[in-house]
Amino acid sequence: MELTGAEIFVRCLAEQGVEHLFGYPGGAVLPIYDALYQQDKVQHVLVRHEQAATHAADGYARSTGKPGVVLVTSGPGATNAVTGIATAYMDSIPLVVFTGQVPTALIGNDAFQEVDSVGITRPCVKHNFLVKDVRDLATTIKKAFYIATTGRPGPVVVDIPKDVSAAKAEFHYPKRVTMRSYNPVTKGHPRQIRKAVDLMLTAKRPMLYTGGGVILSNASSQLVQLTRLLGFPITNTLMGLGGYPATDRQCLGMLGMHGTYEANMGMHNCDVLIAIGARFDDRVTGNIEKFCPTAQIIHIDIDPASISKNVKVDVPIVGPVDQVLKEMLAVIKEIKGKPDAAALQVWWKQIEEWRAMDCLKFDRDSELIKPQAVLESLYKITRGNAYVTSDVGQHQMWAAQFYKFDKPNRWINSGGLGTMGFGLPAAMGVQFAHPKETVACVTGEGSIQMCIQELSTCLQYKLPLKVINLNNRYLGMVRQWQQFFYDGRYAMSYMESLPDFVKLAESYGHVGMQITRPEDVEPALKEAFKMKDRLVFMDFITDQSENVYPMIPAGAGQNEMILV
Amino acid sequence: MENEAGALSRVAGLFSARGYNIESLTVAPTEDESLSRMTLVTTGTDEVVEQITKQLNKLIDVVKLMDMQEGPHIEREMMLIKTRAIGPAREEVKRLSDIFRGRIIDVTDKIYTIEVTGTSAKLNAFVEAMAETDIIEVVRSGVMGIARGEKSLRV
Ligand SMILES: Cc1ncc(C[n+]2csc(CCOP(=O)(O)OP(=O)(O)O)c2C)c(N)n1
């Protein structure tokens with residue numbers, strides 16, 4: 001039997017096992033919305049802005065490992081989605097984004113709500129498609145999911161003209177697709193793995209530096225096994241938090257610009273660096289000229305283009321992290337390999353000295369609420385079990401430093417693009433994926449206002465999020481840089497005319513709280529987290545002058561941190 | 001590359017987004033009409049060229065890639081050059097064209113249009129040799145390359 005393109009679309013999503021579709025309707029996707037209306041397999045979630053649809057799908061993907069799926073209309077619908085697509089692209093998150101397009105006959109005519117969606121999104125997608133014939137639709141959708149979720153994941157855009165969703169064709173959803181030009185590696189090279197193991201076992205001052213690739217390839221358990229077996233120190237990037245339990249003694253916390261002193265000093269002084277699913281981002285390396293001056297470097301990554309891109313490596317291994325780590329463990333077992341215990345003991349002694357500097361200390365007797373204290377309490381009250389999304393700024397760094405993630409997929413933030421506005425919609429996606437779990441969004445009064453309209457979506461779908469607004473009346477991270485590097489000329493970093501967030505939350509039908517005294521922080525959090533079925537917006541009025549420490553200033557090496 | 005709409009712009013976009021040079025680029029369909037073949041000339045350090053190779057391989061539309069510099073190969077470029085040919089210049093242009101094994105493919109009483117094929121260096125040399133004459137227009141195809149001997153770029 002023949003189906004319309006719109007019906008084919010819906011059937012494809014159902015066959016693909018898609019449960020949630022985040023979107024917003026419009027002219028070019030009316031046929032698809034009509035088909036969605038007549039089925040109940042795929043739940044459509046109506047957001048209030050297309051950017052939020054992509055972030056929600058992104059949060060869904062980051063917290064489940066499954067692809068997030070989005071549907072928006074042509075023109076402004078597609079352009080509004082671009083920020084979210086770029087956000088997912090920078091962090092290698094699997095999304096499939098469907099954009100409506102004007103009818104094929106009108107393409108190129110400057111038709112109403114026409115933009116070249118394929119052209120606009122090209123630099124920020126893994127791949128994209130324009131479907132010109134309804135007979136290609138099902139295969140294209142299959143390819144989109146295949147590309148988005150395999151190899152180094154990423155967003156894929158499928159642009160569907162209105163006449164294609166209205167036209168009819170036989171429906172057949174292929175079980176699998178193969179593409180001659182796309183064959184992601186599935187295993188690491190055995191000789192390289194052996195070489196890496198040999199190097200690791202001779203290391204005197206080894207360091208494991210692990211990133212988002214560990215989470216994306218679900219390699220946490222292998223990483224834990226390997227790290228424990230070797231007894232090496234380990235540090236996580238902002239994207240890799242939770243890949244290894246933060247409360248474990250071997251974990252030195254996050255590295256990089258606002259990482260811990262012990263992690264950065266460990267990096268700088270190591271003799272063998274084992275980079276796993278991490279990409280030597282500039283926020284991690286500091287000045288590349290001064291990076292790991294004495295280290296031989298092993299790099300495991302699924303993407304050959306990540307290897308030796310910023311830093312030349314000695315032993316590259318291209319392959320999925322989980323697989324490569326499994327193979328490494330097998331090799332170590334086979335050769336009965338043992339690390340250099342005596343050298344490690346000396347190394348750990350040095351590391352403990354760095355750790356004893358207590359680089360994350362802050363004033364605990366302040367009369368003002370310290371943002372760090374809020375995060376410590378949040379950690380305590382949620383027993384480290386919450387899914388935590390964040391926006392971008394100082395609050396993001398404090399969340400990364402003070403919330404100790406012991407499990408992967410729980411820390412959800414825009415690391416690569418640094419997109420303000422990400423936190424709240426991402427939290428919605430997480431809550432849809434995990435309806436029974438506790439989801440907190442750590443944000444600032446600047447960031448939250450970039451997607452505040454989603455409080456309305458939260459009411460519609462009864463999402464009991466907990467919004468932790470660290471309100472310092474400043475675009476804090478901007479203010480911090482102006483204080484350090486622009487002689488305190490605070491150009492446009494002060495937030496005037498803020499709304500009354502309590503009333504705002506209430507007007508959206510939620511619970512609002514304002515907390516102004518340090519002693520109220522913990523009781524208020526307790527009270528809020530007891531409200532299991534309500535969204536609670538907590539407006540913490542924090543110390544305005546607080547800065548994120550420690551810090552590697554621009555141009556400095558990892559051993560040149562500014563401490564408090 | 002896949003002979004698909006948009007494949008070329010993905011390559012061009014990659015080069016501009018990452019700040020790589022394109023010195024010349026030619027692309028046309030092959031005997032297998034699902035494929036088109038592109039020859040791209042670029043410059044950079046070994047590291048940059050390695051990155052370019054990896055980034056190109058990452059593009060879904062790129063089926064197979066070969067760095068011609070890695071082995072013996074042949075490069076050819078074609079040039080059409082239109083020049084004024086009056087008075088004594090008429091004989092001189094013809095003589096130069098013969099030396100460079102060019103062919104005069106269009107003639108009027110004032111104009112010669114010459115076709116020359118060869119390496120880019122040879123075409124540059126020809127343009128230089130013609131410097132004294134009144135060149136009106138130069139069109140170059142960009143470089144095409146193919147490996148010598150058994151080695152080939154096939155899918
Ligand atoms: C969309 C977007 N615009 C601008 C920036 C630049 N930026 C980075 S942090 C920041 C300040 C964020 O302020 P706030 O959300 O209040 O958080 P705080 O730093 O005060 O914790 C700005 C403007 C950005 N990251 N994203």
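Residues numbered from 1 in each chain as written. Chains lettered and ligands numbered in written order. Predicted model: local features only at pLDDT ≥ 70, side-chain atom pairs only at ≥ 80, totals over all residues. Heavy atoms only, no water.

Caption draft 1: Just the sheet that holds strand 12 (residues 272-276) of chain A, in detail. Residues and elements named next belong to chain A. In space, the 6 strands of this open sheet follow the order 11-10-9-12-13-14, with parallel pairing throughout. Here the strands that pair on one side only, and so sit at the sheet edges, are strand 11 (251-254) and strand 14 (315-318). Across this sheet, the average inter-strand angle for adjacent strands is 15 degrees, counted without regard to direction. Of the strand pairs in this sheet, strand 13 (residues 296-301) and strand 14 are connected by 4 bridges, and their pairing is parallel. Bridge assignment links Ile300 to a residue of strand 14, and that residue is Ile317. Across the sheet, helix 13 (residues 321-334) is in contact with strand 12, strand 13 and strand 14; its angle to strand 13 comes to roughly 125 degrees. (Pairing = 2+ DSSP bridges. Helix = DSSP H or I, 4+ residues; strand = E, 2+ residues; numbered from the N terminus. Axes fitted to C-alpha atoms, helices over the stretch in contact; angles between N-to-C directions. Contact = heavy atoms within 4.5 Å.)

Caption draft 2: Highlighting the pattern of salt bridges. All names here are of chain A. Scanning the model with the defined rule gives 29 salt bridges over all chains in all. Of the charged contacts, one joins Arg228 and Asp248 as a salt bridge, the two residues approaching to 2.8 Å between their closest N and O atoms. Taken together, the residues Arg228 in helix 10 (residues 220-230) and Asp248 in the loop between strand 10 (234-236) and strand 11 connect sequence positions 20 residues apart. Of the residues examined, Arg228 reaches a relative accessible area of 44% and is grouped as partly exposed. Given the relative accessible area of 17%, Asp248 is considered buried. (Salt bridge = Lys/Arg side-chain N within 4 Å of Asp/Glu carboxyl O. Buried < 20%, exposed > 50% of the residue type's maximum accessible area, 1.4 Å probe, protein only.)

Caption draft 3: Highlighting the environment of B:Val139. All names here are of chain B. In this fold, Val139 is placed in strand 6 (residues 135-140). Given the relative accessible area of 42%, Val139 is considered partly exposed. Once the C-alpha coordinates of Val139 and Met68 are considered, the two residues, 71 residues apart in sequence, prove to be 24 Å apart.

Caption draft 4: Structural view of the pairing of strand 5 (residues 95-101) of chain A. All names here are of chain A. Along strand 5, 7 of the 7 residues are buried, which leaves the element largely enclosed by surrounding structure. One ladder, built from 5 bridges, connects strand 4 (residues 68-72) with strand 5; its direction is parallel. By the bridge assignment for strand 5, Gly68 is matched with Leu95. Relative to strand 7 (residues 155-161), strand 5 runs parallel, the two being bridged by 7 bridges. When the sheet's bridge partners are listed, Leu95 is paired in strand 7 with Pro155.

Caption draft 5: Spotlight on the interface of chain A and chain B. Across the contact, 15 residues belong to chain A and 15 residues belong to chain B. Each partner contributes to the roughly 1,400 Å² buried at the junction of chain A and chain B, and carbon and sulfur atoms together form 49% of this total. On the surface where chain A and chain B come into contact, there are 2 salt bridges. The partner of B:Lys58 in a salt bridge is A:Asp303, and the shortest N-O contact between them spans 2.6 Å. Seen at the junction of chain A and chain B, the total is 9 residue pairs in polar contact (both at pLDDT 80 or more). (Buried area = accessible area lost by both parts, 1.4 Å probe. Polar contact = N/O pair within 3.5 Å; in protein donor to acceptor, adjacent residues only side chain to side chain.)

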